[in-house]
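This is what each chain is made of:
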Amino acid sequence: MKISLTQKYNVPGPRYTSYPTVPYWNEADFTAEKWITTLQKSFSESNSKNGISLYIHLPFCESMCTFCGCNKRITKNHSVEEKYIQAVLKEWSLYCEFLPEKPVIKEIHLGGGTPTFFSKENLESLINGIFVHAVKAENHEFSFEGHPNNTTYEQLKKLYDLGFRRVSFGVQDYSSTVQKAINRIQPFHNVAKVTFWAKEIGYTSIGHDIIFGLPFQTIEDVIDTVEKTNSLKPDRLAFYSYAHVPWIKGNGQRGFNEENLPKDAEKRKLYEIGKKLLIQNGYHEIGMDHFALTDDSLYKAAHNGKLHRNFMGYSASKTQVMIGLGVSSISDSWYSFAQNTKSLEEYYEILESDKLPVVKGHILNDEDLIIRKHILNLTCELETSWTAESLNFAELPEVLIALKEIENDNLIVIESNKIKITEEGRPFVRNICMAFDLHLKRKSPETNLFSMTV
């Protein structure tokens, strides 16, 4: 019996927010001192020209969403806010001691957890504290994630006054059955309210995150969710495939059974129907899983060949340095990656000893840097080339052989010195990147590491 492309290519695989991916980091050769050396090098090369990015992880949530694979701490005790912000600001001050000049901050993203768990006063203390040691880039892009149930008008206004112009609201799905399964009870009214507030205040890019492949989700649910989303007309959308990774420690994905999840062709149909409706309503597909209206910065970046992808996902700002602050945050100097401890208690303890809370990372070698460029090209521009000698690597002939079957399935076109992803190949970008992933090729995972690609 002939199998579909979805069945054929629906295998575990990375989302490629980095290369090498975290499970393939060479931790044995990594030290915090090496990380700082590469950070200083990259900072000197790029700070005055492009500025840097900051990702700040705010881990607290009042309740557990059972679809979420993020690092979080569940509590209703808001007295935890101030201690955490002081710790983040101490971490930032330690970083600034290593940097030869004031950082020019091009991009800030507040992620979580639930950033809007924090009061407007504490969010203001955080951002003002960051700029004690830094300056804003002229065309900065500051963004944060908001929970529609607890984001207030006052929080939106305060962050706007602090320079934030982009906000993304987690929607997931409007079906009451799905919301109950994922423990995310969130009426449409709440999403509409915060969206209208953000527009009224003057945010120039309002995003909604929706997910396909959730437990009990049907075609009718996706149609209803997309139609409600279209009625609010957010500037951009993330339309993600649900990542089922229940093996991750602390993961909340226990509120439903495996058989409650849409599978393979059924799951892919949810995406295709949602995508068709979005395109009919003026949205353009950007990279993997993202859509934007033509006046949004993400669309403009993609249209002008300036789209970037990092641990924060897709970005219209292309910086060489991204410093991650807060528990579990990942930093990127281009030449290396570093991750903070995932334990909140250890995070506090390490900072009390005046040390950076970095516990693991990876120093990229020459081959890593070349493959990283190819994967960025594929995920951002849907093509890559090896015309330049700097993008050639020893195993390229073997990669092209591996890509031949993908070409036979009409997912890519291979030319003399480049490959292009076809329209039919867009759902399989992760699989195409996997052909370039030499770490994955040399050592297949022996345990569950990645979610399914389709």
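Higher on the page you've got the structure.
Notes on the structure follow. (Residues numbered from 1 in each chain as written. Predicted model: local features only at pLDDT ≥ 70, side-chain atom pairs only at ≥ 80, totals over all residues. Heavy atoms only, no water.)

1. A look at the nonpolar core
By size, the foremost hydrophobic cluster in this structure holds 55 residues, and its most contacted members are Tyr-84, Trp-92, Tyr-95, Ile-105, Leu-110, Phe-164 and Tyr-203. With nine residues, the top contributor of residues to this core is helix α3 (residues 80-98). Sequence-distant contacts of Tyr-203, defined by excluding residues within four places in its chain, comprise Phe-144, Leu-156, Leu-159, Tyr-160, Phe-164, Arg-165, Arg-166, Val-167 and Ala-198. Ala-301, Tyr-314, Leu-369 and Met-434 belong to the second largest nonpolar core, which has 45 residues in total. (Core = buried A, V, L, I, M, F, W, Y, C linked by side-chain atoms within 4.5 Å. Buried < 20%, exposed > 50% of the residue type's maximum accessible area, 1.4 Å probe, protein only. Helix = DSSP H or I, 4+ residues; strand = E, 2+ residues; numbered from the N terminus. Contact = heavy atoms within 4.5 Å.)

2. Considering the environment of Leu-126
Mapped onto the elements of the fold, Leu-126 is located in helix α4 (residues 120-130). As for Leu-126 and Leu-89, which are separated by 37 residues in sequence, their C-alpha atoms are 7.0 Å apart.

3. A closer look at empty space enclosed by the protein
A water-sized probe rolled over the atoms picks out the places where empty space is left. Counted according to the given criterion, the structure contains two cavities of 30 Å³ or more. By volume, the second largest cavity amounts to about 80 Å³. Lining the second largest cavity are Tyr-16, Thr-17, Ser-18, Tyr-19, Arg-309, Asn-310, Arg-372, Ile-375, Leu-376 and Thr-379. Every element with two or more residues in the lining of the second largest cavity is listed here: β11 (308-310) and α12 (366-381). Class assignment of the residues belonging to the lining of the second largest cavity gives a composition of four nonpolar, four polar and two charged. (1 Å grid on protein atoms, 1.4 Å probe; cavity = no way out; pocket = protein on both sides within 12 Å on 5 of 7 lines; lining within 4 Å. Points joined across faces, edges and corners; volume = space filled by probe spheres on them. Nonpolar A, V, L, I, M, F, W, Y, C, P; charged D, E, K, R; others polar.)

4. Overview of unusual backbone geometry
Residues Tyr-19 and Pro-20 are joined by a peptide bond in cis, for which omega reads -5°. Mapping Pro-20 onto the fold places it in the loop between α1 (5-9) and α2 (32-50). Put simply, Gly-112 and Gly-113 share a cis peptide bond, and its omega is 15°. Phi at Asn-183 takes a positive value of approximately 55°, unusual for a residue other than glycine. Among the secondary structure elements, Asn-183 is positioned in the loop between α6 (176-181) and α7 (188-201). The exposure class of Asn-183 is partly exposed, given its relative accessible area of 38%. Its identity as a non-glycine residue notwithstanding, Lys-233 has a phi of 50°, on the positive side. Mapped onto the elements of the fold, Lys-233 is located in the loop between α8 (219-232) and β8 (236-241).

5. Some points on the state of the cysteines
The final tally for this structure, using the stated rule, is zero disulfides. With no disulfide of its own, Cys-433 lies 9.5 Å from the sulfur of Cys-380, the closest cysteine sulfur. Looking at Cys-433, the relative accessible area reads 0%, which means it is buried. (Disulfide = S-S within 2.5 Å.)

6. Some points on the packing of α4 against helix α5 (residues 153-161)
Axis angle and axis distance: for two packed helices, these are the angle between their axes and the distance between the axes, and together they describe the pair. As a packed pair, α4 and α5 sit with axes 9 Å apart at the nearest point and diverge in direction by 15°. Considered as vectors, α4 and α5 are oriented roughly parallel to each other. Between α4 and α5 lies a crossing whose hand is right-handed. Here Lys-120, Leu-123 and Glu-124 of α4 come into contact with α5, specifically with Glu-154, Gln-155, Lys-158 and Leu-159. In the contact of α4 with α5, the residues fall into two nonpolar, one polar and four charged. (Axes fitted to C-alpha atoms, helices over the stretch in contact; angles between N-to-C directions. Parallel < 35°, antiparallel > 145°, perpendicular 65-115°, else oblique. Left-handed = near helix turned anticlockwise from the far one by under 90°.)

7. Focus on the sheet that holds strand β19 (residues 418-421)
Pairing in this open sheet of three strands is antiparallel, and the strands run β17-β19-β18 from one edge to the other. The sheet terminates laterally at β17 (383-385) and β18 (412-414), the two strands that pair on one side only. Each strand axis lies, on average, 10° off the axis of its neighbour in the sheet, ignoring direction. Two strands pair when backbone bridges link them, and β18 and β19 are joined in this way by three bridges, in the antiparallel orientation. Looking across to β19, one finds that Val-413 is bridged to Lys-420. Where α12 meets the sheet, it contacts β17 and β19, and its direction lies at approximately 145° from that of β17. Against the sheet, helix α14 (residues 429-436) engages β17, β18 and β19, with an angle of about 160° to β19. (Pairing = 2+ DSSP bridges.)

Don't take any of this as a statement about function, it's just geometry.
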